[in-house]
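Residues per chain, in single letters:
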Amino acid sequence: MRARIQGRTGAWDCSKATGDYFETRHRRKDGSDITVEITTNAAYYKGVKLIFCNCRDITERKRDQERIRYLATTDALTGIMNRGEFTRHLTKEIERAARFNRPVAVVMYDLDHFKRVNDTYGHDAGDEVLKTAVAQVNNAIRRVDVHARWGGEEFILLLPETDLAAAVKSAERLRAAIAEHPFKQPERVTASFGVTTLGPRDRFDVLIKRADDALYLAKHAGRNRVEALSPEAPSSG
Ligand SMILES: Nc1nc2c(ncn2[C@@H]2O[C@H](COP(=O)(O)OP(=O)(O)OP(=O)(O)O)[C@@H](O)[C@H]2O)c(=O)[nH]1
């Protein structure tokens, strides 16, 4: 038996491989995508080698897997990354930055007096404010920056290849993007920002704690502002 499977990755000859397994993507005549699982096995019959090649349409399974992955990694309200996924990204980035001695910044931000928004306009209006604020930030960051919901009305950004001065500049741009945007209910919304960068011996929790401390400073200095703490800053414990 000789079969050729023509996929996007080119032709694959069934007669050359046995005990093989792989997946390939193809396009149907109607333009829709199909994912196919290929398995091959060989058997001998009267001295003749027979190759069995099994092709199965796994498009649905793939779609389900993608959906599960999306739900597991994404914040349902805002559509950005959730805390668990961000933690995985930052952990990797810390390793990479330390290994290659590259800068990396973390920015935490939190909407100001957000409880008042919920109390005055209701929870649905509060949700709208969260989504709009996130959209403003998404529009103002680089593609390589990672934006996630840390919890409640608190958000976090990972800025690769960014030193403290550049991160403060970015945070200031994001602060202005929220503060200057005409929201619906209420019309004006602000957020406070805490910025820090990775120190030479920082672990994940130390970095997050320092960003959180900087955010706390911004809240206590009057809100709608950016505060930064460098890795050399004394820890608040
Ligand atoms: N609508 C909505 N509200 C949320 C969500 N998550 C958290 N909140 C609300 O966010 C509010 C946070 O209130 P606080 O922690 O007191 O903070 P704040 O009022 O923003 O005050 P500061 O942070 O000090 O400026 C609470 O009322 C929470 O119920 C959400 O997904 N949707």
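The structure displayed is predicted, hence computed values, not measured ones.

### Some thoughts on the environment of arginine 149
Next, step 1: Following the sequence through the fold, arginine 149 ends up in strand β7 (residues 146–151).
Next, step 2: Residue class for arginine 149 comes out buried when judged on its relative accessible area of 15%.
Next, step 3: Along the primary structure arginine 149 and valine 134 are separated by 15 residues, whereas in three dimensions their C-alpha atoms are 8.9 Å apart.
Next, step 4: Once you skip the residues sitting within four places of it in the chain, arginine 149 turns out to touch Asp75, Leu77, Ile80, Met81, Asn82, Arg83, Leu130, Glu154 and Phe155.

### A closer look at the site of the ligand
Next, step 1: In the vicinity of the ligand lie 16 residues, with His113, Phe114, Asn118, Asp127 and Arg149 positioned nearest.
Next, step 2: Contact distances for the ligand include 3.2 Å between an oxygen atom and a backbone N or O atom of leucine 111.
Next, step 3: Here a nitrogen atom of the ligand and a backbone polar atom of histidine 123 are 3.1 Å apart.
Next, step 4: Coverage of the ligand by the protein chains reaches 67% of its 670 Å² of free accessible surface.
Next, step 5: Listing elements by their share of the shell around the ligand, those giving two or more residues are β6 (104–111), α3 (114–121) and α4 (123–140).
Next, step 6: The leading source of residues in the shell around the ligand is α4, at four residues.
Next, step 7: A class-by-class count of the residues in the shell around the ligand yields three nonpolar, five polar and eight charged.

### Describing the packing of aromatic side chains
Two aromatic rings are characterised by how far apart their centres lie and by the angle between their planes.
Next, step 1: If you walk through the whole model with that rule in mind, you get three aromatic pairs.
Next, step 2: Geometrically, the ring pair formed by phenylalanine 86 and tryptophan 150 is edge-to-face, given 6.1 Å between the ring centres and 80° between the ring planes. Highlighted residues: phenylalanine 86 in helix α2 (residues 83–100) and tryptophan 150 in strand β7, separated in sequence by 64 residues. Side by side, phenylalanine 86 and tryptophan 150 carry an identical accessibility label, which is buried.
Next, step 3: Ring geometry for tyrosine 109 against phenylalanine 155: centres 5.2 Å apart, planes inclined by 20°, an arrangement best described as stacked. Here the residue tyrosine 109 occupies a position in strand β6, and phenylalanine 155 occupies one in strand β8 (residues 154–160), the gap between them amounting to 46 residues. Residues tyrosine 109 and phenylalanine 155 agree in their burial class; the two are buried.
Next, step 4: Positioned above the aromatic ring of tryptophan 150, the side-chain terminus of arginine 83 is 3.8 Å from the ring centre.
Next, step 5: Sitting over the face of the ring of phenylalanine 100, arginine 99 holds its NZ or CZ atom 5.2 Å from the ring centroid.

### A word on the UniProt feature "domain: GGDEF" (unreviewed entry) in the chain
Next, step 1: Mapped onto the present numbering, the UniProt feature "domain: GGDEF" (unreviewed entry) falls at residues 102–231.
Next, step 2: With 45% helix and 25% strand, the stretch residues 102–231 has end C-alpha atoms that lie 14 Å from each other.

### Quick word on a nonpolar patch on the surface
Next, step 1: A cluster of nonpolar side chains, Tyr45, Val48, Leu50 and Phe52, forms an exposed patch at the surface whose accessible area comes to about 390 Å².
Next, step 2: A total of three residues in the nonpolar patch trace back to one element, the largest contributor, which is strand β5 (residues 48–57).
Next, step 3: Looking at where tyrosine 45 falls in the secondary structure, it is placed in strand β4 (residues 33–45).

### A look at unusual backbone geometry
Next, step 1: Cis geometry is found at the peptide bond from glutamine 185 to proline 186, where omega equals -5°.
Next, step 2: You will see that lysine 46, though not glycine, has its phi angle at about 50°, which is positive.
Next, step 3: Tracing the backbone shows lysine 46 in the loop between β4 and β5.
Next, step 4: Although it is not a glycine, asparagine 101 adopts a positive phi angle of roughly 55°.
Next, step 5: Mapped onto the elements, asparagine 101 comes out in the loop between α2 and β6.

### Considering the sheet that holds strand β3 (residues 21–27)
Next, step 1: Strand order across the open sheet formed by three strands is β3-β4-β5, with antiparallel pairing between neighbours. In the strand order of this sheet, the two ends are held by β3 and β5, each with one partner. Between one strand and the next, the sheet's axes are offset by a mean angle of 30°, whatever the strand orientation.
Next, step 2: For β3 and β4, the ladder comprises seven bridges, and the chain directions are antiparallel. Counted as the bridge partner of histidine 26 is isoleucine 34 from β4.
Next, step 3: Here helix α1 (residues 59–73) sits on the sheet and contacts β3, β4 and β5; the angle it forms with β4, its principal contact strand, is near 125°.

Calculation criteria
Residues numbered from 1 in each chain as written. Predicted model: local features only at pLDDT ≥ 70, side-chain atom pairs only at ≥ 80, totals over all residues. Heavy atoms only, no water. Helix = DSSP H or I, 4+ residues; strand = E, 2+ residues; numbered from the N terminus. Buried < 20%, exposed > 50% of the residue type's maximum accessible area, 1.4 Å probe, protein only. Contact = heavy atoms within 4.5 Å. Near = heavy atom within 4 Å. Polar contact = N/O pair within 3.5 Å; in protein donor to acceptor, adjacent residues only side chain to side chain. Areas by Shrake-Rupley, 256 points an atom, 1.4 Å probe, with all protein chains shown as cover. Nonpolar A, V, L, I, M, F, W, Y, C, P; charged D, E, K, R; others polar. Phe/Tyr/Trp six-rings, centres within 6.5 Å; stacked < 30°, edge-to-face > 60°. Lys NZ or Arg CZ within 6 Å of the ring centre and 35° of its normal. UniProt positions renumbered as here; feature names shortened; annotations may be inferred. Patch = residues over 30% accessible without salt bridge, like charges linked within 9 Å, V, L, I, M, F, W, Y side chains within 5 Å. Salt bridge = Lys/Arg side-chain N within 4 Å of Asp/Glu carboxyl O. Pairing = 2+ DSSP bridges. Axes fitted to C-alpha atoms, helices over the stretch in contact; angles between N-to-C directions.

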